[in-house]
Amino acid sequence: MKVFNVGILGLGYIGASHIDAVRRIPNCRLVAVADTNIEFAKARAEQYGIEKYYGSPEELLADPDIDVIHNCTPNHLHTDINRAVIEAGKHLFSEKPLSRNYEEALSLLETSKAHPEVVCAVNFNYRMNPLVQEMRSRIKKGELGDVRIVSGAYQQQHMMYDTDYNWRFEPEFSGISCTVADIGSHWMDLVQHVTGSKIVSVMADLVTTIPVRKKAKKQVDTFSNAVCDEYELKNIEMEDYGAVLFKMDNGATGLFHVSQVSAGHGCCFGVEFNGSKCSYRWNQEENDRLWIGLRGDDNRYVIRDPNYMTPEAKAVSALAMGHPEGWNDAFCGNIRAFYEYLASDRATSPSFASLEEASYIIRLTEAIVKSSKEKRWIEV
Ligand SMILES: NC(=O)c1ccc[n+]([C@@H]2O[C@H](COP(=O)([O-])OP(=O)(O)OC[C@H]3O[C@@H](n4cnc5c(N)ncnc54)[C@H](O)[C@@H]3O)[C@@H](O)[C@H]2O)c1
């Protein structure tokens with residue numbers, strides 16, 4: 001299989017997971033890392049024995065050895081850096097959300113169309129949980145029947161104190177939304193991926209539960225519990241909670257809520273599909289189990305077991321039953337799908353999220369923000 005030379009840009013919370021994932025993929029060679037905090041880049045390069053490190057995106061882009069760049073920088077840098085990666089003729093694996101707003105997303109689509117030789121992906125990693133693929137295959141085969149109701153939530157706790165602060169609360173860095181863009185984007189992508197249908201109208205209520213936060217004067221890591229004595233008070237306008245009613249183009253109706261202020265939840269990403277034949281429920285925190293709800297028979301759990309899963313689910317499941325796979329495995333599976341596609345004849349449509357799909361998520365996010373402001377349903 002063709003091997004690709006990889007550079008990872010942005011080495012914060014998620015950059016570390018990209019390093020880990022890429023090192024597990026047979027046709028990847030991690031040759032460089034880069035971060036504007038060059039000390040950080042140097043430390044990562046030494047820690048993992050990576051040949052080269054850089055202190056700027058420009059240096060990484062100029063490296064002729066690199067075939068693929070992973071963009072793991074904060075949201076406000078996605079559009080410009082992604083465009084530069086595409087224009088440099090390097091394949092792009094970008095973190096979500098694709099951009100800060102739909103206008104930026106459309107401009108990236110234009111750039112991508114002008115460079116059809118460049119393959120682009122956006123990291124909606126929850127897709128590649130084996131039991132997510134299992135639900136998708138079963139729905140495709142008609143085992144759920146008509147999809148009628150889709151519901152769920154994505155809850156986290158890491159913003160629940162007023163001392164929790166992150167660039168995600170600043171529109172300049174985050175974009176049009178905080179929590180919907182940050183984690184609601186994953187939820188909407190998964191629902192659309194699993195059902196093969198689009199969310200086409202939304203009615204939302206976005207709430208800022210903590211309107212004033214203490215911003216530490218020195219940088220605090222994402223998801224860190226660190227509290228800094230020196231801080232400035234910041235008024236917060238962006239949401240840390242949101243509830244959304246929606247309709248899909250397959251006729252299904254749905255609702256979800258997202259929160260980053262819910263104690264006890266680290267990555268509580270749950271989804272339930274109610275169909276005309278049965279129901280499916282899956283939660284990321286109990287990754288290896290899929291609940292099937294039946295009328296007229298015993299409800300049951302499908303326990304992840306590559307021996308009995310559909311080929312699509314088996315393709316992203318490496319370990320035998322009883323050997324739990326988790327977040328990191330699905331994350332790696334999503335990136336692996338990208339590199340397998342790169343090495344293939346690229347004739348079939350990929351299972352990772354395309355720029356078009358990621359742009360649509362930005363469009364939905366904008367509609368959700370608008371709906372909450374105008375207190376009405378918005379057609380997308
Ligand atoms: N897919 C997922 O599950 C997931 C999870 C977390 C974060 N993310 C996404 O990843 C991105 C980064 O989030 P994070 O939590 O890792 O942020 P972070 O703040 O922890 O890390 C960002 C890193 O980028 C570096 N950086 C800033 N400007 C740069 C520049 N111009 N060039 C190179 N490096 C630069 C910073 O020094 C920092 O090391 C966000 O877009 C976020 O939405 C995705």
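Basis of the calculations
- Residues numbered from 1 in each chain as written.
- Predicted model: local features only at pLDDT ≥ 70, side-chain atom pairs only at ≥ 80, totals over all residues.
- Heavy atoms only, no water.
- Domains from an automatic or database assignment.
- Contact = heavy atoms within 4.5 Å.
- Buried area = accessible area lost by both parts, 1.4 Å probe.
- Salt bridge = Lys/Arg side-chain N within 4 Å of Asp/Glu carboxyl O.
- Polar contact = N/O pair within 3.5 Å; in protein donor to acceptor, adjacent residues only side chain to side chain.
- Helix = DSSP H or I, 4+ residues; strand = E, 2+ residues; numbered from the N terminus.
- Nonpolar A, V, L, I, M, F, W, Y, C, P; charged D, E, K, R; others polar.
- Phe/Tyr/Trp six-rings, centres within 6.5 Å; stacked < 30°, edge-to-face > 60°.
- Buried < 20%, exposed > 50% of the residue type's maximum accessible area, 1.4 Å probe, protein only.
- Pairing = 2+ DSSP bridges.
- Axes fitted to C-alpha atoms, helices over the stretch in contact; angles between N-to-C directions.
- Near = heavy atom within 4 Å.
- Areas by Shrake-Rupley, 256 points an atom, 1.4 Å probe, with all protein chains shown as cover.

**Focus: the domain arrangement of the protein chain**
For the protein chain, the assigned domains read domain 1 (4-125) and domain 2 (127-325 + 352-374). Facing 23 residues of domain 1, the contacting portion of domain 2 comprises 28 residues. Overall, the association of domain 1 and domain 2 removes approximately 2200 Å² of surface from exposure, summing both partners, and the carbon and sulfur fraction of that is 67%. For domain 1, the biggest contributors to the area lost against domain 2 are Arg100, Tyr102 and Phe124; these three give 31% of the whole. Our count for the domain 1 to domain 2 interface comes out at one salt bridge. Asp182 serves as the salt-bridge partner of Lys96, at 3.1 Å between the closest nitrogen and oxygen. Counting across the interface, domain 1 meets domain 2 through ten residue pairs in polar contact (both at pLDDT 80 or more). Within the residue set of the side of domain 1 that touches domain 2, elements represented by two or more residues are α5 (102-114) and β6 (120-122). For the side of domain 1 that touches domain 2, the leading source of residues is α5, giving five residues. For the side of domain 1 that touches domain 2, the residue count by class is 14 nonpolar, seven polar and two charged.

**Points about the packing of aromatic side chains**
Scanning all chains against the criterion turns up 14 aromatic pairs. Ring geometry for Phe269 versus Trp282: centroids 6.1 Å apart, planes at 70°, classification edge-to-face. Here Trp282 lies in strand β14 (residues 279-283) and Phe269 lies in strand β13 (residues 268-275), a separation of 13 residues in the sequence. Accessibility classification places Phe269 together with Trp282 in one group, the buried group. Geometrically, the ring pair formed by Phe338 and Phe352 is edge-to-face, given 5.4 Å between the ring centres and 75° between the ring planes. Here Phe352 lies in the loop between α10 (327-343) and α11 (355-374) and Phe338 lies in helix α10, a separation of 14 residues in the sequence. Phe352 shares its class with Phe338; the two are buried.

**Here's the deal with the sheet that holds β6**
One open sheet holds the six strands; their spatial order is β3-β2-β1-β4-β5-β6, and the pairing between them is parallel. Each of the sheet's edge strands pairs with one partner strand only, and the pair in question is β3 (52-54) and β6. Each neighbouring strand pair of the sheet contributes to a mean axis angle of 20°, computed without reference to strand direction. Looking at chain direction, strand β2 (residues 28-34) and β3 are connected through three bridges and run parallel. Its bridge partner lying in β3, Ala34 is registered against Tyr54. Set on the sheet, helix α4 (residues 78-87) makes contact with β1 (4-9), β4 (68-71), β5 (91-94) and β6; between it and β5 the angle comes to about 160°.

**Section: the site of the ligand**
Looking at the ligand, there are 27 residues lining it, with Ile14, Asp35, Asn75, Lys96 and Asn125 nearest. At a separation of 3.0 Å, an oxygen atom of the ligand approaches a polar backbone atom of Tyr13. With respect to the ligand, the side chain of His78 contributes an N or O atom lying 3.1 Å from an oxygen atom. Alone, the ligand offers 860 Å² of accessible surface; in the complex the protein occludes 88% of this. Taken together, the residues of the shell around the ligand sort by class into twelve nonpolar, ten polar and five charged. In terms of domain composition, the shell around the ligand takes at least three residues from each of domain 1 (4-125) and domain 2 (127-325 + 352-374).

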